[in-house]
Amino acid sequence: MTETFVPPLLPKSFGGGVDPVSRAAAERRKEEWNAAVESVKAQSFWIETGKRFLRNRTGVVAAAIVVALALSAIFAPLISPYDPLIGQPVDRLKDIGTPGHILGTDEQGRDMLSRILFGGRLSLLAGFVPTVAAAVIGTLIGVIAGMVRGVVGTVLMRFMDMLYAFPAILLAIAVGSALGPGLTNTIIAVTIVYIPPVARVAQSSTRRVVVQEFIEAARLSGASRARIAWSQILPNVLNDIIVYASGLVGVAMIIAASLSFLGLGSAPPAPEWGYMLNSLRGELFTTPLVTIVPGFFIFLTSVAFNLASDALREAMDSRL
Amino acid sequence: MLRLIIRRILMAVPILIGVSIIVFLLMSVVPGDPEAGLVPDDATPAERQAIRHQLGLDQPLPIRYFHWAVSALHGDLGYSTLRRREVSDLLQQAWGNTFVLAAVSAIFGIALGLLLGYLAGTRRGKVVDRVVSIFSLGGLSIPSFFLAILLLGVLSGQLRLFPSGGATFDEGWGVAIQSLVLPVLSGAMITMAITARVTRAAIVDVFSADFVETLRAKGLTEFGVRMHVLRNAISPVLTTSGVQIGALLGGSVLVETIFRWPGMGLLLYTAISTRDLEVVQGTTLVIALTFVVINLVVDLVQAAIDPRVRGAVS
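Residues numbered from 1 in each chain as written. Chains lettered and ligands numbered in written order. Predicted model: local features only at pLDDT ≥ 70, side-chain atom pairs only at ≥ 80, totals over all residues.

## Section: the overall build of chain B
1) Next: When its secondary structure is counted, chain B shows 12 helices and two strands.
2) Next: Secondary structure elements of chain B, listed N to C terminal, follow the sequence α-α-α-β-β-α-α-α-α-α-α-α-α-α.
3) Next: Burial statistics for chain B: of 314 residues in total, 39% are counted as buried. (Helix = DSSP H or I, 4+ residues; strand = E, 2+ residues; numbered from the N terminus. Buried ≥ 20, exposed ≤ 12 C-beta atoms within 10 Å, placed from the backbone.)

Okay, structure coming up:
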């Protein structure tokens, strides 16, 4: 017999008995039940969301750009024409379109295309990792604070309020300058910046869910708090968090780029886009087009993430 | 209303204390010995210990925080050995310059954002709406430092319209206003974008409310209806404006650095790159405190003009 999905709080047995008639009836009930479950699964929330997302042309294009950027970053060592760290000083500051250097060369004669490709790895990591990390930690804090009233919840949220009392970029700069430069420290800094807002979203969603009757039912059925949090609350607050967090990736990337622009991010000579933009800043009036290349890629990636996130929000919002 | 004001101010106190604790803790985890610059390389451990004792660095953290907070309350934020100036002196000058830049950017960004959001919200689905939504998406996605460099390249480099560096009001109003243009444009773009988005959403939301139907039914002109809608849509815009000003204060680090505008952002950037910890600490604290106070003011203004907010709080 194949295992079918049975929601945990529903009976696994469908009645039955000794006589063939009632056994057949039970079997029929079971089949009907499974069919119902299957049909619900077929139009499950995520499949519907996916369908709606695919119907949004802007969202699909944006998602395609994100995927293309991710692939080019992953395969950077294979497709880069040059070493991103070694330059030919004779070839310094070649303009865009120079044969052999499509995107030109930087102030040390390093190939810009190769540096952009490798830099994409740092920027995408700095956009994704903090968002995911903050989503996990912030959700944990928010759900706990939303479920546990009293001292624990209040203390947690007041602490979040204190972190939230800093302008985002300032907090990132302060944490970044305390920890010192480096990609890992940038990621930690941006994560710390994002935990409070995610925790707020998670907390307010949790408080909306926690008063509903099915939570009461779960509690009466003897489920522990942890189990209620995991199997009842989390699935119901996850949508809000996913929608919110997806909008953070682009900004995370910009904050990380800002940090390395200020010399607090990935240490040179790593080809981080923000750092590249800053070190090319002095050449703005000699080779303006080469100078703006790294900035353009930060902008492009951030637009793509924001559009994809908007499309995702629309696709998830139109629930019935 | 008075009770509300007092209540809000009292609620801000623990936040202020928390902010100062976080700033203090962040600067005390900075790797390296704070006294390293003050002792010669061949100092004996005993001499080092003496200096540490003199600076109070051998005290436990809570006591050090207490001393630091008490002197901060007296306006003493330490002494920058690198610049040979009191940190509070440095900050006093810089605060004014940042205030001017942030205030002008906020007014410009919020006013333009309101206008664009209003136009888009009242002409939903039309060309204006689309243009505004593309424009605000761009403004939301462009890093301020990249926009600053673009503006520098085009308006200052190619067209030579504006100076590339910051001149303050000490050098005369004309020059100062000219050199304000580019920093304001680069800083205010994101404010404008977010304000436009929020305004549009709020206007669309309010237009679908029942009272609009009533206003129309009683024969009010379309202009009159729109004024009512705008008044009701202003609250969510105000809510974000506090955060917006915070973003401008934080973002000033980037914008001021690029345009060499001598405000707190440039001060912080220089202090970070020269590892001038006292200044980093003082500047971070002052920017964060300014932000808390601005949010408090925004809250109160909102309560003053919107009875719904007032009711929800008290």
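## Examining the overall build of chain A
1) Next: Secondary structure summary: chain A contains 13 helices and zero strands in total.
2) Next: If you list the helices and strands of chain A from N to C, you get α-α-α-α-α-α-α-α-α-α-α-α-α.
3) Next: A compact globule built from 320 residues would reach a C-alpha radius of gyration of about 20 Å, whereas chain A, at 26 Å, exceeds it by more than 25%.
4) Next: By its C-alpha atoms, chain A is 90 × 45 × 30 Å across when sized along the principal axes.
5) Next: Nonlocal contacts in chain A, meaning residues at least 24 apart in sequence, comprise 70% of its contacts between residues at least 6 apart. (Rg over C-alpha atoms; globule rule 2.2 N^0.38 Å. Contact = placed C-beta atoms within 7 Å.)

## Overview of the interface of chain A and chain B
1) Next: Counting residues at the interface gives 38 residues for chain A and 39 residues for chain B.
2) Next: Elements with a minimum of two residues in the side of chain A that touches chain B: α6 (151-164), α7 (168-179), α11 (248-261) and α13 (288-317) of chain A.
3) Next: Here the element with the most residues in the side of chain A that touches chain B is α13(A); it accounts for 10 residues.
4) Next: Taken together, the residues of the side of chain A that touches chain B sort by class into 26 nonpolar, nine polar and three charged. (Nonpolar A, V, L, I, M, F, W, Y, C, P; charged D, E, K, R; others polar.)

## Describing the nonpolar core
1) Next: One finds A:A172, A:V198 and A:I255 to be the most contacted residues of the largest nonpolar core, which totals 158 residues.
2) Next: Counting residues per element, this core draws most heavily on helix α7 (residues 173-207) of chain B, at 15 residues.
3) Next: Sequence-distant contacts of A:V198, that is, excluding residues within four places in its chain, are made with A:A134, A:A135, A:G138, A:T139, A:G142, A:I241, A:Y244 and A:A245. (Core = buried A, V, L, I, M, F, W, Y, C linked by C-beta atoms within 7 Å.)

## A short note on the domain arrangement of chain A
1) Next: What the domain assignment reports for chain A is domain 1 (1-41) and domain 2 (47-317).
2) Next: A straight line from the C-alpha centre of domain 1 of chain A to that of domain 2 of chain A covers 45 Å. (Domains from an automatic or database assignment.)

## Considering unusual backbone geometry
1) Next: In this structure, B:R84 is a non-glycine residue whose phi angle is positive, near 55°.
2) Next: With respect to the helices, strands and loops of the structure, B:R84 is situated in the loop between β1 (79-80) and β2 (85-86).

## Quick word on the environment of B:L91
Residue and element names in this part refer to chain B.
1) Next: Within the element layout of this structure, L91 appears in helix α4 (residues 87-122).
2) Next: Residue class for L91 comes out buried when judged on the 22 C-beta atoms lying within 10 Å of it.
3) Next: Taking the C-alpha atoms as reference, L91 lies 43 Å from D205; in sequence the two are 114 residues apart.
4) Next: Beyond its immediate stretch of four places on either side in the chain, L91 contacts L77, M264, G282, T283 and V286.

## Side note on the UniProt feature "transmembrane region" (unreviewed entry) in chain B
1) Next: The UniProt feature table records "transmembrane region" (unreviewed entry) at residues 9-30, 99-119, 131-155, 175-194, 236-259 and 279-301 of chain B.
2) Next: Helix makes up 91% of residues 9-30 of chain B and strand 0%, and the two end C-alpha atoms of the span are 32 Å apart. (UniProt positions renumbered as here; feature names shortened; annotations may be inferred.)

## Observations regarding the UniProt feature "domain: ABC transmembrane type-1" (unreviewed entry) in chain A
1) Next: When the UniProt feature table is mapped to this numbering, "domain: ABC transmembrane type-1" (unreviewed entry) covers residues 124-309 of chain A.
2) Next: When the span residues 124-309 of chain A is considered, its composition is 82% helix and 0% strand, and the gap between its end C-alpha atoms is 15 Å.

## What to know about the domain arrangement of chain B
1) Next: Segmentation of chain B into domains returns domain 1 (32-76) and domain 2 (90-273).
2) Next: Relative to domain 2 of chain B, the C-alpha centre of domain 1 of chain B lies at a distance of 43 Å.

## A look at the UniProt feature "transmembrane region" (unreviewed entry) in chain A
Residue and element names in this part refer to chain A.
1) Next: Under the local residue numbering, the UniProt record ascribes the feature "transmembrane region" (unreviewed entry) to residues 60-79, 122-148, 155-176, 182-199, 241-264 and 284-308.
2) Next: Note that residues 122-148 is 96% helix and 0% strand, and that its end C-alpha atoms are spaced 38 Å apart.
3) Next: Note that residues 182-199 is 94% helix and 0% strand, and that its end C-alpha atoms are spaced 26 Å apart.

## So, the confidence of the model for chain B
1) Next: Per-residue pLDDT for chain B has a mean of 85; in total, 93% of the residues score no lower than 70.
2) Next: Interface predicted TM-score (ipTM) for the complex: 0.86; the corresponding pTM is 0.84. (pLDDT = per-residue confidence, 0-100.)

## As for the packing of helix α5 (residues 112-147) of chain A against α6(A)
Residue and element names in this part refer to chain A.
1) Next: At a minimum axis separation of 8 Å, α5 and α6 run at an interaxial angle of 135°. Looking at the two axes, α5 sits oblique to α6. Where α5 crosses over α6, the two elements pack in a sense that is left-handed. Residues I141, I144 and A145 of α5 lie in contact with α6, whose contacting residues are G153, L156, M157 and M160.
2) Next: When the residues that make up the contact of α5 with α6 are grouped by side-chain class, the tally is six nonpolar, one polar and no charged. (Axes fitted to C-alpha atoms, helices over the stretch in contact; angles between N-to-C directions. Parallel < 35°, antiparallel > 145°, perpendicular 65-115°, else oblique. Left-handed = near helix turned anticlockwise from the far one by under 90°.)

## A look at helix α5 (residues 127-141) of chain B
1) Next: In this model α5(B) runs 21 Å from its N-terminal to its C-terminal C-alpha over 15 residues, within 8% of the 21 Å that 1.5 Å per residue would give.
2) Next: All buried positions along α5(B) are accounted for by B:V132, B:S136, B:G139, B:L140 and B:S141.
3) Next: On the buried face of α5(B), the contacting elements are α11 and α13 of chain A together with α4 and α7 of chain B. (Expected span 1.5 Å × (residues − 1).)

## Observations concerning the environment of A:I141
Residue and element names in this part refer to chain A.
1) Next: For I141, the position within the fold is in helix α5.
2) Next: Residue class for I141 comes out buried when judged on the 22 C-beta atoms lying within 10 Å of it.
3) Next: For the pair formed by I141 and M160, sequence separation is 19 residues and the distance between their alpha carbons is 9.3 Å.

## Considerations on the packing of α7(A) against helix α11 (residues 277-305) of chain B
1) Next: The geometry of α7(A) relative to α11(B) is characterised by a closest axis approach of 11 Å and an angle of 160° between their N-to-C directions. Taken together, α7(A) and α11(B) sit at an angle that is classed as roughly antiparallel. Along this stretch, α7(A) crosses α11(B), giving a crossing that reads as left-handed. Within the contact between the two elements, α7(A) uses A:L170, A:A174 and A:S177 and α11(B) uses B:V280, B:T284, B:I287 and B:A288.
2) Next: Counted by class, the contact of α7(A) with α11(B) contains five nonpolar, two polar and no charged residues.

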